[in-house]
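These are the residues of each chain, in order.
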Amino acid sequence: MITYNTDGVKMPNIKKRETTQWIKAVAASYNRKVGEIGYMFVDDEKILEVNNEYLGHDYYTDIITFDYCEGSTLNGDLVISLDTVRTNAEKFHKDYEEELHRVIIHGVLHLCGINDKGPGEREIMEAAENKALAMR
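Residues numbered from 1 in each chain as written. Predicted model: local features only at pLDDT ≥ 70, side-chain atom pairs only at ≥ 80, totals over all residues. Heavy atoms only, no water.

Novice: Help me understand the environment of Glu-18, please; the structure alone is not making it clear to me.
Specialist: Inspection of the secondary structure puts Glu-18 in helix H1 (residues 16–29). For Glu-18, a relative accessible area of 53% gives the class exposed. Each C-alpha atom of the pair Glu-18 and Glu-53 lies 33 Å from the other, and the pair is 35 residues apart in sequence. (Helix = DSSP H or I, 4+ residues; strand = E, 2+ residues; numbered from the N terminus. Buried < 20%, exposed > 50% of the residue type's maximum accessible area, 1.4 Å probe, protein only.)

Right, here's the structure in full:
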């Protein structure tokens, strides 16, 4: 089951049923199935608070992924700052909705085992994001 919630922001204009089906299709393309995934949409101040409290990081980010996966079943909490998504969309000259979907699937790709911090990993993640966005 995939849930979508907000804390301090208005729910983004996403089609939840279609988005859920898309996430499940992307997970299946990695031989994974969706268990419990919870999205929490927040503002910059809230994501900074979460980043600080749980990860010890003192900076803003677009998404934080808490991975509770068991075997091939994806479970996790994904916290997304809509402020940072909007800022990044402007910075990279992308449509806000496209950037939001990129971030939504970015967290799922992390749950599928794709990383983006080490050498060469960012390019692998970007390719996976582009492939997933093409499935929408």
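Novice: What is the right way to read unusual backbone geometry from this model?
Specialist: If a residue is not glycine, its phi is most likely negative; likewise, a peptide bond is most likely trans. One non-glycine residue, Asn-31, lies in positive phi territory at about 55 degrees. Within the fold, Asn-31 resides in the loop between H1 and strand S2 (33–42).

Novice: Looking at this model, I keep getting lost on H1. Mind explaining?
Specialist: Within an α-helix, residues lying three or four positions from one another point in the same direction, as the helix has 3.6 residues per turn. Along its 14 residues, H1 runs 20 Å from first to last C-alpha, staying within 8% of the 20 Å computed at 1.5 Å per residue. Against strand S1 (2–6), S2, strand S4 (73–81), helix H4 (96–111) and helix H5 (121–134) lie the buried residues of H1. (Expected span 1.5 Å × (residues − 1). Contact = heavy atoms within 4.5 Å.)

Novice: Which parts of the structure should I look at to understand the nonpolar core?
Specialist: The nonpolar side chains of a soluble globular protein tend to be buried with one another. By size, the foremost hydrophobic cluster in this structure holds 31 residues, and its most contacted members are Ile-23, Tyr-39, Phe-41, Ile-80 and Ile-104. Considering each element in turn, this core owes the most residues, seven residues, to H4. Excluding residues within four positions of it along the chain, Ile-104 makes contact with Ile-14, Thr-19, Trp-22, Ile-23, Tyr-39, Phe-41, Leu-78 and Ile-80. Residues Val-42, Val-50, Ile-64 and Phe-66 belong to the second largest nonpolar core, which totals six residues. (Core = buried A, V, L, I, M, F, W, Y, C linked by side-chain atoms within 4.5 Å.)

Novice: Explain the packing of H1 against H4 to me, please; I cannot follow it from the model alone.
Specialist: Helix packing geometry: the angle between the two helix axes and the distance between the axes. Direction vectors running N to C along H1 and H4 enclose 40 degrees, while the axes themselves pass 10 Å from each other. In terms of orientation, H1 and H4 fall into the oblique class. Of the two possible hands of crossing, H1 and H4 adopt the one that is right-handed. Between H1, through Thr-19, Trp-22, Ile-23 and Val-26, and H4, the contact on the second element is made entirely by His-101, Ile-104, Ile-105, Val-108 and Leu-109. Residue composition of the contact of H1 with H4, by class: seven nonpolar, two polar and no charged. (Axes fitted to C-alpha atoms, helices over the stretch in contact; angles between N-to-C directions. Parallel < 35°, antiparallel > 145°, perpendicular 65-115°, else oblique. Left-handed = near helix turned anticlockwise from the far one by under 90°. Nonpolar A, V, L, I, M, F, W, Y, C, P; charged D, E, K, R; others polar.)

Novice: What exactly am I supposed to notice about the pattern of salt bridges here?
Specialist: One pass over the structure, following the stated rule, counts four salt bridges. With its nearest N and O atoms 3.8 Å apart, the salt bridge here joins Lys-46 to Asp-7. Here Lys-46, found in helix H2 (residues 44–55), pairs with Asp-7, found in the loop between S1 and H1; they are 39 residues apart in sequence, far enough to count as distant. Look at Lys-46 and you get partly exposed, because its relative accessible area is 25%. Under the relative-accessibility criterion, Asp-7 is labelled partly exposed at 34%. (Salt bridge = Lys/Arg side-chain N within 4 Å of Asp/Glu carboxyl O.)

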